[in-house]
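So the chains spell out like this:
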Amino acid sequence: GSTTVFTFIGAFILAQAMLKHGVAQRVAFFVLGLPGVGASTLRIVLAFGAVTCVLSAFVSNTATVAMLMPTALGILAVIARLMQDRGIVETDFDPMRIRVGTALMLMLAYSASVGGLLTPVGAPPNLIGRGLIEEATGERISFAQWTATALPMCLAMFAVLAVVLLLLNRPEVRRIDGVAEYIRERRVEQGRMSRAEINTVIAFGVTVTLWLVPAVVGLVSGTSSEAYTLVDDRLNEGVVAVIGASLLFILPVSWTRREATMDWTDAAKIDWGTIVLFGTGIIFGAMLSATGLAETIGGAASDHLGISSSFAIMAFGVVLAILISETTSNTASAAVVVPIIIPLAIAAGVDPVLPAVAATFAASFGFMLPVSTPQNAIVYGSGCVPITKMIKSGVCFDVLGALAIMSIVPVMASLTGLA
């Protein structure tokens, strides 16, 4: 019955509509078709990363990567053919093993993880961590607070991704011809926006607008005003997500055929396993608290590890979450680590919100192995990414990501009133 479960369901249905009707792919082709982007391998890698970041803030990270993969592979084929024509590589070379291909694929996988941090609905660990914090402390983190806290970290990590990936996988060729034409052909094939695409954009726009309305009212009238309290109570994020998803079943594609933008056959394809896993995580956290086990674990960790300051607890949670997320799902990492960090902070007399939020962010930072995240597995399966390159790049981003969380999140949390 957690409102976050309904936020999950609504957001997943909206994402399913964006994928089914090609809205997300249209956005990708629009960005790649901007003047000058298709003529440079560096700009293509950066553009793919930017598109993936933005889309994965609202659409499943895995679905975003799976959707953009065919376009990326098509562009790589054009680049490989150009390299052959110029004599940069041998005729019998493997086009799936060029350095620019490794950079592009790793950018796809990693920028999805980074972009997923931007909003509470961007990745399952976000909603799980936020739900566990609310259950344990009674403190609600608004959509705007979360986004404002995460934005600087996402921007910093994207810059790190661009620099490190392009240094470790320096493209064989800088300027290319043919990619712009490839993108233009794909956009022509798409044609004008269909009624279903327009309806999906309307539903998505209504949902995001209603999510942000309480923050706007709070800025204008103050968070202690009656207007803010009224709007914040009525526009619960779970309710808003369900309203947005419901519009997809109401807005018509064809009146004569009685055909709406989505039907339940399409909606039933969402990731129900993640929703059940989230519910289990909430129950797991509640049982840890109700039975006293969480307090016992927190007290023991505080006594034996000597962790007593807010920064030390945050660092412990971040490192633990990253280590766990490398070998198991990010969702499971958040569900396991956050219920440990909260009582640990309470036992040490520290506000648990900041360490718990930092651990939640860190749960999405599994960069090193193909098994760390589904998006890592997808790009590794493309054949473009050697395991050594993924490990080398992933270690860099694990370390830099941990440092970014511990340096940026406390500052932004204080500025946004999160902690």
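First, a word on scope: everything that follows refers to the structure included in this document. (Residues numbered from 1 in each chain as written. Predicted model: local features only at pLDDT ≥ 70, side-chain atom pairs only at ≥ 80, totals over all residues. Heavy atoms only, no water.)

**A few points about the environment of Val 385**
Locating Val 385 in the fold gives a position in the loop between α18 (374-381) and α19 (387-416). Separated by 282 residues in sequence, Val 385 and Ala 103 have C-alpha atoms that sit 8.4 Å apart. (Helix = DSSP H or I, 4+ residues; strand = E, 2+ residues; numbered from the N terminus.)

**Concerning the nonpolar core**
Counting 88 residues, the largest nonpolar core has Met 105, Tyr 110, Val 318, Phe 361 and Ile 405 as the members making the most contacts within it. Tallying contributions element by element places helix α5 (residues 99-115) first for this core, with eleven residues. Every residue in contact with Met 105, bar those within four places of it in the chain, is listed here: Met 69, Ala 72, Leu 73, Leu 76, Val 379, Ser 382, Cys 384 and Val 385. (Core = buried A, V, L, I, M, F, W, Y, C linked by side-chain atoms within 4.5 Å. Buried < 20%, exposed > 50% of the residue type's maximum accessible area, 1.4 Å probe, protein only. Contact = heavy atoms within 4.5 Å.)

**Describing a nonpolar patch on the surface**
On the surface, Tyr 380, Ile 387, Ile 391, Val 395, Val 399, Leu 400 and Leu 403 cluster together into a nonpolar patch covering about 530 Å² of accessible area. Top contributing element to the nonpolar patch by residue count: α19, with six residues. Take Val 399: it is sitting in helix α19. Judged by relative accessible area, Val 399 falls into the partly exposed class, the value being 48%. (Patch = residues over 30% accessible without salt bridge, like charges linked within 9 Å, V, L, I, M, F, W, Y side chains within 5 Å. Areas by Shrake-Rupley, 256 points an atom, 1.4 Å probe, with all protein chains shown as cover. Salt bridge = Lys/Arg side-chain N within 4 Å of Asp/Glu carboxyl O.)

**A word on the environment of Ala 144**
In this structure, Ala 144 sits in helix α7 (residues 143-168). Its relative accessible area of 24% is what places Ala 144 among the partly exposed residues. Residues Ala 144 and Ala 215, spaced 71 residues apart in sequence, show a C-alpha to C-alpha distance of 6.0 Å.

**Looking at the packing of aromatic side chains**
Counted according to the given criterion, the structure contains seven aromatic pairs. On the basis of an interplanar angle of 75 degrees and a centroid distance of 5.0 Å, the ring pair of Tyr 110 and Phe 367 is categorised as edge-to-face. Separated by 257 residues along the polypeptide, Tyr 110 in helix α5 and Phe 367 in the loop between α17 (353-362) and α18 bring together distant segments of the chain. You'll find Tyr 110 and Phe 367 in the same group, each marked buried. Here Trp 146 and Phe 361 contribute two aromatic rings whose centre-to-centre distance is 5.1 Å and whose plane-to-plane angle is 80 degrees, an arrangement assigned as edge-to-face. Of this pair, Trp 146 sits in helix α7 while Phe 361 is found in helix α17, placing the two residues 215 residues apart along the sequence. Taking relative accessible area as the criterion, Trp 146 reaches 1% and is therefore assigned buried. Here the aromatic cluster, defined as three or more aromatic residues joined through ring pairs, consists of Tyr 110, Phe 365, Phe 367 and Phe 397. (Phe/Tyr/Trp six-rings, centres within 6.5 Å; stacked < 30°, edge-to-face > 60°.)

**Digging into the packing of helix α9 (residues 195-221) against helix α11 (residues 237-248)**
The geometry of α9 relative to α11 is characterised by a closest axis approach of 9 Å and an angle of 165 degrees between their N-to-C directions. When the interaxial angle is binned, α9 and α11 end up roughly antiparallel. For the pair α9 and α11, the crossing hand works out as right-handed. The segment α9 lies against α11, with Asn 199, Thr 200, Ala 203, Val 206, Thr 207, Leu 210 and Trp 211 engaging Glu 237, Val 240, Ala 241, Gly 244, Leu 247 and Leu 248. Here the residues of the contact of α9 with α11 are counted per class, giving eight nonpolar, four polar and one charged. (Axes fitted to C-alpha atoms, helices over the stretch in contact; angles between N-to-C directions. Parallel < 35°, antiparallel > 145°, perpendicular 65-115°, else oblique. Left-handed = near helix turned anticlockwise from the far one by under 90°. Nonpolar A, V, L, I, M, F, W, Y, C, P; charged D, E, K, R; others polar.)

**Overview of the pattern of salt bridges**
Counted by the stated rule, this structure contains two salt bridges. In this structure, Lys 20 and Asp 266 form a salt bridge, with 2.5 Å as the shortest nitrogen-oxygen distance. Here Lys 20, found in helix α1 (residues 3-20), pairs with Asp 266, found in helix α12 (residues 264-267); they are 246 residues apart in sequence, far enough to count as distant. Classification of Lys 20 by relative accessible area gives partly exposed; the value is 42%. Among the residues examined, Asp 266 registers a relative accessible area of 9% and is labelled buried. Across the pair Arg 257 and Glu 259 runs a salt bridge whose closest N-O atoms are separated by 2.9 Å. Overall, the relative accessible area of 56% leaves Arg 257 in the exposed class. Judged by relative accessible area, which is 34%, Glu 259 ranks as partly exposed.

**Considerations on the side chain of Ser 364**
Note on placement: Ser 364 falls in the loop between α17 and α18. Not counting the four nearest positions on each side in its chain, Ser 364 is found in contact with Ser 113, Leu 117, Ala 123, Pro 125, Asn 126 and Asn 330.

**Section: unusual backbone geometry**
With a phi angle near 55 degrees, Arg 258 is a residue other than glycine that sits in the positive phi range. Judged by relative accessible area, Arg 258 falls into the exposed class, the value being 69%.

**A few points about α11**
An α-helical turn contains 3.6 residues, so any two residues separated by three or four positions project in the same direction. An ideal rise of 1.5 Å per residue puts 16 Å on twelve residues; α11 measures up with 17 Å between its terminal C-alpha atoms. Buried residues of α11: Glu 237, Gly 238, Val 240, Ala 241, Gly 244, Ala 245 and Leu 248, and no others. Down the axis of α11, the buried side of the element spans an arc of 165 degrees, and every buried residue falls inside it. (Expected span 1.5 Å × (residues − 1). Arc of directions from axis to C-beta.)

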